[in-house]
Amino acid sequence: MYDFQKGSVRFIRGGRYPHSHTVVIDDERRALIDAASDKEKLLAFDRERPVDLLITSHAHEDHLMFNHLFAHAQFLAHEADAEAFGNSRTLVLQYAPSEEEHPVWEEFLIRDCNFVPRYPDRLLKDGDLIDFGHTQAQVIHTPGHTPGHCAFHFLEEKILFLADLDLVKAGPYYADVTSSLNDTIRSLERIRSIEVETFLTSHGKGIYDGDPAHIDRYLETISCREASLLEFLSTGPKTLAEIVARGIIYGPPKSIGAWDLSLSEKGMMIKHLERLTGSDMLLMENGRYHVIE
Ligand SMILES: [Zn+2]
Ligand SMILES: [Zn+2]
């Protein structure tokens, strides 16, 4: 049933978008973090003894897929993402869809990802301890991917669940209107200093030893993207459309369901352009980005 187990912390893989891996806590208070992996396994766990706490690391559709099956559990999420859990419109708007894409996204959320508006019963803050009985987890607020993204540190078990700071080869994701590149970097630097034996993540391999080199490698993808962008701009001033078409992050345009990856490419390139303009490395003139020599 489980892909990893230590103390009362367990892990179920199933994190291929629009799903994500689930952390299960089998303690006095039973809990799920990100009920979006394997529906049958999650229901079997609930049938044994009902889930008390339903925790969601952040407001993205691939982390709440099966939340609707746990209406009886107390729902916990960070306050900065609370609005997006309560309203599909708020959630969709953070992807900056065009007029035509808007209803497609809304339908995808409701029909394919079982989105049911639900405001958290308990709002999480950085440093909060969640008490499961014997096991405790500390909330590490790690904004950037979304404003309310959280990691969870199981102190006794020396496990850090990183959610969508997911250590995949492609690198971190910060394409939403509400994402922040600088916060993503700060959050990664912060979790790098937490000593643990195991990292668990929401997608990809999901289980890693606690070597901070995994975080360094993940952080490096950000500087690689930035270097590629600067190199491209060094060949001459470019418009945003030309930069997006270059496909520095995702390569040639493609889609995953309702998700047009050029929208993500654009969202992330905007974050890099803002950062480089802010640090006086680029200048925007007549709709084109220039490198400042
Ligand atoms: Zn996410
Ligand atoms: Zn995710």
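Use the structure listed above.
A.B. asks: Got a minute to help me understand the overall build of the chain in this structure?
C.D. replies: Per the secondary structure count, the chain includes 8 helices and 17 strands. For 293 residues, the compact-globule estimate of 2.2 N^0.38 gives 19 Å, and the chain sits close to it at 19 Å. Reported as C-alpha extents along the three principal axes, the dimensions of the chain are approximately 60 × 40 × 30 Å. Within the span of the chain, comprising 293 residues, buried residues form 52% of the whole. Within the chain, residue pairs in contact and separated by at least 24 positions form 58% of the contacts whose partners lie at least 6 positions apart. When the accessible area of the chain is evaluated, it comes to approximately 12,800 Å², of which 51% is carbon and sulfur surface. Computed over 30 positive and 47 negative side-chain charges, the separation of the two mean positions in the chain equals 3 Å.

A.B. asks: Before we go on, may I ask you to explain the coordination of the zinc ion (ligand 2) in this structure?
C.D. replies: Summarising the metal site, the zinc ion (ligand 2) is bound by the protein donors Asp 62 (OD), His 63 (NE2), Asp 164 (OD), Asp 164 (OD) and His 203 (NE2), whose distances to it range over 2.1 to 2.6 Å. As a motif over one chain, the donors of the zinc ion (ligand 2) read D-H-x100-D-x38-H. The distance between the zinc ion (ligand 2) and the zinc ion (ligand 1) is 3.6 Å, with Asp 164 acting as a donor to both metals. Of this pair, His 63 sits in the loop between β5 (53-55) and β6 (74-78) while His 203 is found in the loop between β12 (198-200) and β13 (207-209), placing the two residues 140 residues apart along the sequence. Judged by its relative accessible area of 0%, His 63 falls in the buried class. Classification of His 203 by relative accessible area gives buried; the value is 10%.

A.B. asks: Would you mind going over the packing of helix α6 (residues 213-233) against helix α8 (residues 261-278) with me for this structure?
C.D. replies: To describe two helices that pack against each other, one gives the angle between their axes and the distance between the axes. It is the contact of α6 with α8, at a shortest axis distance of 11 Å, that shows an interaxial angle of 75°. It follows from the interaxial angle that α6 and α8 lie roughly perpendicular. Between α6, through Ile 222, Arg 225, Glu 226, Leu 229, Leu 230 and Leu 233, and α8, the contact on the second element is made entirely by Met 268, Met 269, His 272, Leu 273, Arg 275 and Leu 276. For the contact of α6 with α8, the per-class residue count stands at 8 nonpolar, 1 polar and 3 charged.

A.B. asks: I tried to follow the coordination of the zinc ion (ligand 1) on my own but got confused; where do I start?
C.D. replies: When a metal carries six donors in an octahedron, the ideal angles between them are 90 or 180 degrees, while four donors in a tetrahedron ideally lie at 109.5 degrees. Around the zinc ion (ligand 1), the protein supplies His 58 (NE2), His 60 (ND1), His 145 (NE2) and Asp 164 (OD) as donor atoms, at distances of 2.1 Å. Each of the 4 donor atoms bound to the zinc ion (ligand 1) contributes to angles spanning 92 to 167°, and the resulting shape is irregular. For the zinc ion (ligand 1), the donor residues sit on a single chain with the sequence spacing H-x1-H-x84-H-x18-D.

A.B. asks: Looking at this model, I keep getting lost on the sheet that holds strand β4 (residues 31-33). Mind explaining?
C.D. replies: Across a sheet, paired strands are connected by hydrogen bonds in the backbone, their directions being either parallel or antiparallel. In spatial order, the strands read β1-β2-β3-β4-β5-β6-β7; together these 7 strands make up an open sheet with mixed pairing. Two strands lie at the open edges of the sheet, namely β1 (4-6) and β7 (122-124), each paired on one side alone. Direction aside, neighbouring strands of the sheet carry axes that sit 20° apart on average. As paired strands, β1 and strand β2 (residues 9-12) are joined by 3 bridges and run antiparallel to one another. Following the sheet pairing, Lys 6 is matched in β2 by Val 9.

A.B. asks: Can you walk me through the packing of aromatic side chains in this structure?
C.D. replies: Each pair of aromatic rings is reported with the distance of its centres and the angle of its planes. A complete count under the given rule lists 5 aromatic pairs for this structure. Taking the centre distance of 5.6 Å and the plane angle of 80° together, the rings of Trp 105 and Phe 108 count as edge-to-face. Of the two residues, Trp 105 and Phe 108 both sit in helix α4 (residues 101-112), 3 residues apart, roughly one turn of that helix. In this structure, Trp 105 and Phe 108 share a single accessibility class: buried.

What counts and what doesn't
- Residues numbered from 1 in each chain as written.
- Chains lettered and ligands numbered in written order.
- Predicted model: local features only at pLDDT ≥ 70, side-chain atom pairs only at ≥ 80, totals over all residues.
- Heavy atoms only, no water.
- Helix = DSSP H or I, 4+ residues; strand = E, 2+ residues; numbered from the N terminus.
- Rg over C-alpha atoms; globule rule 2.2 N^0.38 Å.
- Buried < 20%, exposed > 50% of the residue type's maximum accessible area, 1.4 Å probe, protein only.
- Contact = heavy atoms within 4.5 Å.
- Areas by Shrake-Rupley, 256 points an atom, 1.4 Å probe, with all protein chains shown as cover.
- Lys, Arg positive; Asp, Glu negative; His and termini not counted.
- Charge placed at Lys NZ, Arg CZ, Asp CG, Glu CD.
- Donors = N, O, S within 2.8 Å, 3.2 Å for Na, K, Ca; no water.
- Axes fitted to C-alpha atoms, helices over the stretch in contact; angles between N-to-C directions.
- Parallel < 35°, antiparallel > 145°, perpendicular 65-115°, else oblique.
- Nonpolar A, V, L, I, M, F, W, Y, C, P; charged D, E, K, R; others polar.
- Tetrahedral: all angles 85-135°; square planar, octahedral: opposite > 155°, others 65-115°.
- Pairing = 2+ DSSP bridges.
- Phe/Tyr/Trp six-rings, centres within 6.5 Å; stacked < 30°, edge-to-face > 60°.

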